[in-house]
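Examining the three-dimensional arrangement
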Amino acid sequence: MVRKVSDGMSDFFGWFPSTTFENNTCIFASNFANTCAFDTKEGLVVFDVPIRQFGQKTFDEIRKITDKPVKYVIFSHGHFDHAFGYEPFLEEIKKKGWDMPEVIAHENCVKRFEKYEILDEYHDWINKQQFSSVFKGEKGSVVSAREILDPTIILKSNESSYSFKLGEVNFEVYHDIGETDDSIWLWVPEKKTICAGDLMISSFPNVGNPFKVQRYPKDWAIAMEKMREKNAEYLAPGHGRLIEGSENVRDALSITAEVMHFVHDEVVKRLNEGKWFEQIYHEMLAIYPYKFKNHKILRETYGSYRFAIHAVYRLYHGWYDSGNPTDLFPAKTADIAREFLKLNNEKSYFEHANKLYSEGKLQLALHILDIIIKGTDERNIEVITDALKLKLKILKQKVKEESNFMAENIMENGANQIKNRLKKLI
Ligand SMILES: [Zn+2]
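The structure presented is a predicted model; accordingly, all values stated were derived computationally and were not measured. (Residues numbered from 1 in each chain as written. Predicted model: local features only at pLDDT ≥ 70, side-chain atom pairs only at ≥ 80, totals over all residues.)

Re the domain arrangement of the chain
For the chain, the assigned domains read domain 1 (7–259) and domain 2 (331–425). Between the C-alpha centres of domain 1 and domain 2 the distance comes to 41 Å. Each partner contributes residues to the interface: domain 1 has 8 residues there, and domain 2 has 7 residues. Contributing elements (two or more residues each) for the side of domain 1 that touches domain 2: helix H1 (7–12), helix H5 (120–130) and helix H6 (132–135). Taken together, the residues that form the side of domain 1 that touches domain 2 break down as 2 nonpolar, 6 polar and no charged. (Domains from an automatic or database assignment. Contact = placed C-beta atoms within 7 Å. Helix = DSSP H or I, 4+ residues; strand = E, 2+ residues; numbered from the N terminus. Nonpolar A, V, L, I, M, F, W, Y, C, P; charged D, E, K, R; others polar.)

Here we look at the nonpolar core
Core analysis: the biggest nonpolar cluster contains 91 residues, and Ile 74, Leu 186, Ile 194 and Leu 235 have the highest contact counts within it. In terms of residue count, the dominant contributor to this core is helix H8 (residues 246–272) (8 residues). Listed in part, the 18 residues of the second largest apolar core include Leu 341, Ala 353, Ala 387 and Leu 388. (Core = buried A, V, L, I, M, F, W, Y, C linked by C-beta atoms within 7 Å. Buried ≥ 20, exposed ≤ 12 C-beta atoms within 10 Å, placed from the backbone.)

With respect to the pairing of strand E4 (residues 43–47)
Successive residues of a regular strand alternate their side chains across the two faces of the sheet. Within E4, 4 of the 5 residues are buried, leaving the element largely enclosed by the surrounding structure. Both strand E3 (residues 33–40) and E4 contribute to a ladder of 5 bridges, which runs antiparallel. When the sheet's bridge partners are listed, Thr 40 is paired in E4 with Gly 43. Between E3 and E4, which pair antiparallel in sequence order, lie 2 residues. By the bridge criterion, 4 bridges tie E4 to strand E5 (residues 70–74) in an arrangement that is parallel. Looking across to E5, one finds that Leu 44 is bridged to Val 70. (Pairing = 2+ DSSP bridges.)

Structural notes on helix H14 (residues 362–375)
Think of an α-helix as turning once every 3.6 residues; residues three or four places apart then point the same way. Taking 1.5 Å per residue, 14 residues should reach 20 Å; H14 reaches 20 Å between its end C-alpha atoms and fits that length. Along H14, the positions that sit buried rather than exposed are Ala 365, Leu 366, Ile 368, Leu 369, Ile 371, Ile 372, Ile 373 and Gly 375. Looking at the buried positions of H14, the neighbouring elements they touch are helix H12 (333–343), helix H13 (346–358) and helix H15 (381–401). (Expected span 1.5 Å × (residues − 1).)

A word on the packing of helix H7 (residues 217–228) against H8
It is at 8 Å that the axes of H7 and H8 come closest, and there the two elements cross at 155°. Of the possible angle classes, the one that applies to H7 and H8 is roughly antiparallel. Here H7 runs over H8; the crossing is left-handed. In contact with Pro 217, Lys 218, Trp 220, Ala 221, Met 224, Glu 225, Met 227 and Arg 228 of H7, H8 contributes Arg 250, Leu 253, Ser 254, Thr 256, Ala 257, Met 260, His 261, Val 263 and His 264. Residues belonging to the contact of H7 with H8 are distributed by class as follows: 9 nonpolar, 4 polar and 4 charged. (Axes fitted to C-alpha atoms, helices over the stretch in contact; angles between N-to-C directions. Parallel < 35°, antiparallel > 145°, perpendicular 65-115°, else oblique. Left-handed = near helix turned anticlockwise from the far one by under 90°.)

Re the sheet that holds strand E12 (residues 234–237)
Spatially, the 6 strands line up as an open sheet ordered E8-E9-E10-E11-E12-E13, and their pairing is mixed. Either end of the sheet is taken by a strand with one partner, and the two such strands are strand E8 (161–166) and strand E13 (243–244). Looking at chain direction, strand E10 (residues 184–188) and strand E11 (residues 193–197) are connected through 3 bridges and run antiparallel. Considered in E11, the bridge of Leu 186 is made with Cys 195.

Topic: the pairing of E10
Extensive coverage of E10 is indicated by the burial of 5 of its 5 residues. Alternating residues of E10 divide into Ile 184, Leu 186 and Val 188 and Trp 185 and Trp 187, and every residue in both groups is buried. Summarising the sheet, strand E9 (residues 169–175) and E10 pair through 4 bridges and their orientation is antiparallel. The residue of E10 that forms the bridge with His 175 is Ile 184. Following E10, the chain reverses through 4 residues before pairing antiparallel with E11; Lys 192 in that reversal takes a positive phi of roughly 55°.

Structure below.
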């Protein structure tokens with residue numbers, strides 16, 4: 001993997017040393033996603049295994065601290081960065097003739113693995129876009145669910161918790177939905193530790209991801225409040241650094257709960273007022289409180305408040321989101337652009353886009369440039385080249401100003417497509 005991300009994202013990707021806490025009995029290994037291993041008298045409980053590419057690194061880091069056999073593996077959820085880097089652990093088990101560990105997951109995780117089977121190529125394609133800056137140059141598939149480690153203890157949807165004891169340490173597993181419908185989090189009272197999986201990622205929560213399926217902001221807030229009741233000293237997030245100290249843990253959980261309630265309730269209020277998405281979205285941007293905007297835990301490095309507004313809307317609303325019947329069965333955008341170009345020629349649109357650009361109205365300039373780019377005859381090389389060059393310049397500027405990893409990647413991908421097109425044109 002190529003390591004090129006903005007500063008705030010290096011924590012998210014776990015580019016800091018792995019660590020131990022509670023007298024070396026808890027190992028916090030950070031390799032893209034985090035793994036937490038609990039060392040008990042009778043063996044190890046491993047919460048999450050990383051993405052396949054980092055399985056060996058995490059395994060080696062755990063083995064530097066302890067050589068006890070793995071007795072339990074818990075999947076916080078079935079995403080590629082939390083449940084697939086298990087191979088080095090299995091190799092060791094075979095070599096040493098140990099018993100296979102119990103593997104704990106939610107029943108929706110099993111359904112997720114089935115879904116991944118039918119969407120293997122699609123997920124590879126979509127993840128190469130979402131993570132394009134880190135997967136740059138990767139030739140083969142970056143994720144694949146062709147091989148999985150089958151869960152042996154499966155939490156059913158009507159069971160909200162499961163408990164077990166190993167080496168005089170109690171482990172309490174809870175199911176709540178938030179980023180996914182198969183989320184599991186762990187409370188270890190003797191270690192005063194919560195492992196949150198991706199319910200906590202040291203960024204604004206990944207709710208409303210532009211590439212991925214529905215997430216659940218209200219339930220997310222409730223999960224945070226349930227974790228807060230435990231009064232933990234340590235909060236191991238799915239991504240990002242270990243959160244230490246009961247006050248810091250409480251603060252991280254409280255502010256995340258609060259922002260999830262806020263975005264949910266304010267969008268719902270506007271739905272009840274009979275508003276359509278565009279109006280709700282821009283009103284929500286205008287009312288976003290300073291205390292959330294500037295909170296370290298809610299930095300928009302991976303998730304974004306802007307995405308979260310979509311998540312709530314989509315939770316309750318269908319795809320017809322404008323209230324304008326023109327949008328019900330729209331014409332092709334290229335056909336619409338061609339009609340605009342019959343009213344005013346490319347030159348006038350280009351001049352106007354340039355004016356908007358010089359006034360700093362970058363988004364509006366992009367909309368105007370798309371009329372030329374989509375509507376101009378391919379043979380009109382000079383006109384299309386100028387429009388593409390200006391769009392490229394604007395996208396680069398927007399990337400520089402953007403703090404969100406996914407938004408950056410989307411715009412960077414668009415810029416790269418333009419560069420390739422320009423190479424063919426010039
Ligand atoms: Zn993750």
